[in-house]
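Notes for the structure review
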Amino acid sequence: MTAHVAPIALNFDEGIDRKILRRLRDRFLVVNQQRWQRAHSALTYRQQVVLDILPLVFHANHPALPGYQDADCPYGLSHYQPSPATLGAARRLARTFSVRDEGKRRADLDALFLMGSPGTLGHSVASDLDLWLCHRSDLPERGIRCLERKADRLSDWAASLGVELHVFVFCADDWRAGRQRAEVTGENCGSAQHYLLLDEFYRTSIHLGGRYPMWWLVPADQETRYDECMRQLVDCRFIRGDEFIDFGPVSAIPEEEFLGAGVWQLYKGIDAPWKSILKLLLIECYAQTADQPLLSSVFKRAVYLGNTDADGLDPYVLLYNRLEAWLSAPEARARLDLVRRSLYLKAGLPLTRADQAPGQWRAHLMAQMVERWQWPEPVLTELDNRQRWRAEDVTRLRRVIVAELTHSYRLLSKMARDHGTRAAISANDINLLGRKLYAAFQRKAGKVEQINPGLAPTLVEENLAFHHQSEQGGDGNGWLLYRDLEDPSDAFWQPVIRRSGNLTELMLWCYCNGLLSRATRLNVRAGHSVASVSELREMLDALASFLPFPIEPADRDALSRRVHPLRHLLLVNVAVDPQAHLTEKGLHKLSARHDSLGFSGGRENLVVTIDQTTFNSWHEVSLQHYAAGDTLIQCLKNVLASVAGNPAELPGIQVHSHNRGHGAAVARRVQELFGDVLRQFFAGGVGPHPLRYVIEMDRRYFLLQFSGQEPGFVALDSFAGLMAHLALPQEQYLPVVFDRYAAIDEPALRAVCQASEPDSIQVFYHLRGDQARLWVVDEMGSVTSWEQPVSNRRYLLTPLLRFLENLLERRLLRQGDMPMAGAGIQCLEVVQRAGKWQTELRPEHDVASTLPGLEVQAVGVQEGGSRVRFDMFCGEHEFTVQEYGDQLIPAVAHYIRSLRQNQDGYPVYLTDLHLPNDLDPQVYQRDIQTCQYLYYRLILEQSLNRVLSSGR
């Protein structure tokens, strides 16, 4: 039934009647009261008290009322008189409450409004309440801050009653000037849609107290001369200046708002798609039908014409009618159907269970609309049974929604470009919204798609079956997901929910989309794999500990910064037995070696596969599967790369492995390794630090290091290969750090590397009978190592130290301004004390003294090839490559032997060595590293001593 009263017409040119103005105001208040009653009826009995006393808690600053802040907090709502019902609600909260007579005290607050869905078809008990609290323009900053704190406390109190209340504090003057401090609908959307928001406010707001909007008194056809009409009403004293509040006109939406508002609704549509689809399509409609009046104008015209029926003026009904007229073309039928479904689901009224529907007026109104749409019964049944929607249904619907949201955004974006307008949204906000859209909708490798953004209440399944493809014949290695398979043979006839090449991906997808709960019964047909129900249960527990469900969207602060990983879950050896070849025979290796990366006497690596689940700061979940090559090192490298961009926040690392194949020990070892590596490279929250990290695994060695921000690794097949690599020259000082289980059989080397220092040359030695092991760690951390026989320490160290002193002296003369030029040489002995290996400083030997024998020098000559050849000098005798060619070494050895009286083959040592700066023909080396001199010294000495010892 439609309520009609006589139309009201205002003629500003012929004069205004004060009685007509009061009738007009009262007519709006009648509509307002109907909406208030409908909003009130949609709440539970406990929640209704919130709506009852909202105006009073701001009008009276009473300590017994909710939200009380302090005695100095601004209060007083202009022209407000609490009703008996409001006073009764207050006294139920505080029996001693009474309203004091404030006399002629000036009120601090101009008006209070609810806006949005309360009192409309789209409102329900779960809807939130957006409250506009408007203070006087000259309120001090301290008072505004106090009101904001009171608003926060009031929101907390409302939340305790199950009401989500948002109070936005601002003044009308600031709103009109576009400088409002309030984030009117959260996250600074005011920068995106000033006029669109005002249009929504005028057609949806409920006046709770204080001054009424001036907009009511300016006819829709006079909106373009709004300010002129307002001045006439005030200047001619048709209304008093303290009766109204003015937010300004909204005769049209500026083009620059459409893009920003479109992006904003896309942002909101991620978590609440039904409402956002309606609003986004309305924005597109406004943009394409600029000659049509706005809905706020339609609402005002109807009231002026005498229509006060709440159903006909319902904002959602007005919105739908506009979209239906706009989408009337046959090619737009699918979009119109989506609009209808969105409105029906936003209302949340199950008409097939109308006797259970709360708020009978809403059910009656919705039924009228559905009858108009001529929906068949199956459509209603499907929509009313959202709680029974399955993953496949939600996935299909999500594709439709994403396609619609993307379509609308692209149209609005194109319109903004075509018109050359600048979006009325800050660059910071559009970047923020874009990031959330990216996080929600962007597809990328490994990312787990979340299919249920508020589409269905739950997708949890009672029964899920995971079948390996080999169960159905063939050699497939993938997995299939079914529901309700009582007999495994039914898999041939049942639809597959999802396919994946990876069991972990299937489990993660089920968990993140809510198909899996601890109550879900699981069935596994493992085929060629070794997966089991117990393993899946353990995985589910690990996922629940790692990532609580449901996954909340990232907050504004997180989206405003670069994305970085928050934590990783490493699932090791899923559906894999790392010792399958032994398990089949019923054997288990026993050994004193318990390192899972070099287990037992066979030094086997028990980490076969890794599934790396990552949860990042934008709340994206992704999975990376490692099953080929050096899986552990590849995974470690990728984790290091993700940390390098944000070393101040190291991600958490959790590791899980099923209990087969020493699973607990494997998980513990991997956890230790990742923790150790991250601490070394990013100690102090900075980095990556320059170092070389050595890991031993499966009888091989892996050396990790960074090149700038990029991690890389080198695989070495033997210990000799590792030592050769550690001796290579470096561009900067790179200490060698051994993993806790690496090179355990080489404790002396570990002690040497631990004692190394930058900007120095350190000589380490360890005596074992008549043999000595020597290491030289040079100024860049390169480690050169060799063994030689020893008769006494003087003959062991003096030739080497004399060689190094000559090298340093030459550097000092050539590069006196270089830090290393004056660096000294340290001698340290590697010893074992109480079972521990350590280094002890030893005084340098007298290298100035001359040992018996010749001064043997070598001078490198680069002749354009890759090989350096050497001229050699024995005392004053010269041996050149040009003269002796390939016989130079035998000639030098023959000469040295001829000088020895007893023809003994004791070793000879080089006392000096010169290398050319073009050692590498393609590079000019201004500074040649010590390890390079030692490399050629060892080669020449070994060649000479080999010929000497052979007697040739």
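All residue numbers here refer to positions counted from 1 along the written sequence of the relevant chain. A pLDDT threshold of at least 70 governs which residues receive local features in this predicted model, and a stricter bar of 80 or more applies before side-chain atom pairs are shown or counted, although totals over entire chains, interfaces and linings include all residues. Side-chain numbers come from the whole structure's heavy atoms, not from hydrogens or water.

**Notes on the sheet that holds strand S13 (residues 621–626)**
Any two strands with at least two DSSP bridges between them are considered paired. Every helix listed is a DSSP run of H or I at least four residues long, and every strand listed is a run of E at least two residues long, numbered separately from the N terminus. Taken together, the four strands give an open sheet; going across it, the order is S13-S12-S11-S14, and neighbouring strands pair in mixed fashion. Single-partner strands in this sheet number two, and they are S13 and strand S14 (652–657). With direction set aside, neighbouring strand axes in the sheet form an average angle of 20°. As defined by bridge partners, strand S11 (residues 565–572) adjoins S14 across six bridges and the pair is classed as parallel. Across the sheet, the residue bridging to Val572 is Ser657, located in S14. Here, two residues are considered to be in contact whenever any of their heavy atoms come within 4.5 Å of each other. Only C-alpha atoms enter the line fits that serve as axes; for helices the fit covers just the stretch in contact. Angles between N-to-C directions range over 0 to 180 degrees. Set on the sheet, helix H17 (residues 503–512) makes contact with S11, strand S12 (610–616) and S13; between it and S13 the angle comes to about 170°. Running at roughly 170° to S11, helix H18 (residues 533–546) makes contact with S11, S12 and S14 of the sheet.

**A few points about the sheet that holds strand S1 (residues 109–115)**
With mixed pairing, four strands are arranged side by side in an open sheet as S3-S2-S1-S4. If you trace the sheet from one side to the other, it starts and ends with strand S3 (165–170) and strand S4 (206–210), each paired once. Each neighbouring strand pair of the sheet contributes to a mean axis angle of 20°, computed without reference to strand direction. Summarising the sheet, S1 and strand S2 (residues 129–135) pair through six bridges and their orientation is antiparallel. Looking at the pairing, Phe113 lines up with Trp132 of S2. The sheet strands contacting helix H2 (residues 45–59) are S1, S2, S3 and S4, and the helix crosses S1 at an angle near 160°. Against the sheet, helix H4 (residues 141–160) touches S1, S2 and S3, its axis set at about 170° to S3.

**Some points on the nonpolar core**
Core analysis: the biggest nonpolar cluster contains 149 residues, and Trp132, Phe247, Met366 and Phe466 have the highest contact counts within it. Looking at which element gives the most residues to this core, the answer is helix H9 (residues 273–288), with ten residues. Leave out the neighbours within four places in its chain, and Met366 touches Leu121, Leu343, Tyr344, Ala347, Leu349, Leu351 and Trp373. The next biggest cluster of nonpolar side chains, apart from the first, holds 46 residues, and it includes Cys874, Val881, Leu934 and Leu948. Throughout this description, the term nonpolar core refers to a set of buried Ala, Val, Leu, Ile, Met, Phe, Trp, Tyr and Cys residues connected via side-chain atoms within 4.5 Å. The classification of residues rests on relative accessible area computed with a 1.4 Å probe and restricted to protein chains. Under 20% of the type maximum is buried, over 50% is exposed, and intermediate values are partly exposed.

**Description of the state of the cysteines**
By definition, disulfides here are pairs of cysteine sulfur atoms that lie within 2.5 Å. Tallied over the entire structure, the rule returns zero disulfides. Cysteine Cys146 remains unbridged, with the sulfur of Cys73 as its closest cysteine sulfur at 3.2 Å. Owing to a relative accessible area of 3%, Cys146 belongs among the buried residues under this scheme. Summary of cysteine pairing: Cys827 is not part of a disulfide, and the nearest cysteine sulfur, belonging to Cys753, is at 17 Å.

**Overview of the pattern of salt bridges**
A pairing counts as a salt bridge when a side-chain nitrogen of Lys or Arg comes within 4 Å of a carboxyl oxygen of Asp or Glu. Evaluated as defined, the whole model comprises 52 salt bridges. Among the salt bridges present, the one from Glu392 reaches Arg483, with a minimum N-O distance of 2.9 Å. You can see Glu392 sitting in helix H15 (residues 391–418) and its partner Arg483 sitting in strand S8 (residues 479–483), a full 91 residues away along the chain. Look at Arg483 and you get buried, because its relative accessible area is 13%.

**Side note on the pairing of strand S16 (residues 700–707)**
Side-chain direction in a regular strand flips from residue to residue, so the side chains alternate between the two faces of the sheet. Looking at chain direction, strand S15 (residues 692–697) and S16 are connected through five bridges and run antiparallel. Pairing of Glu696 across the sheet is with Tyr701, part of S16. Turn length for the S15-S16 hairpin, with the two strands adjacent in sequence and antiparallel, is two residues, and the turn residue Asp698 shows positive phi of about 55°. Bridge analysis of S16 against strand S17 (residues 710–716) gives seven bridges, and the strand direction is antiparallel. Its bridge partner being in S17, Ser707 is matched across the sheet by Glu710. If you look at the hairpin formed by S16 and S17, you'll find two residues sitting between the two strands, and Gly708 has a positive phi there, around 70°.

**A few points about helix H22 (residues 663–681)**
Between the first and last C-alpha of H22 there are 27 Å, a value that for 19 residues agrees with the 27 Å anticipated at 1.5 Å per step. The complete set of buried residues in H22 reads Gly663, Val666, Ala667, Arg669, Val670, Leu673, Phe674, Gly675, Asp676, Val677, Leu678 and Phe681. Contacts from the buried residues of H22 go to S11, helix H21 (631–644), S14, S15 and S16. What a helix is expected to span follows from its residue count: subtract one and scale by 1.5 Å.

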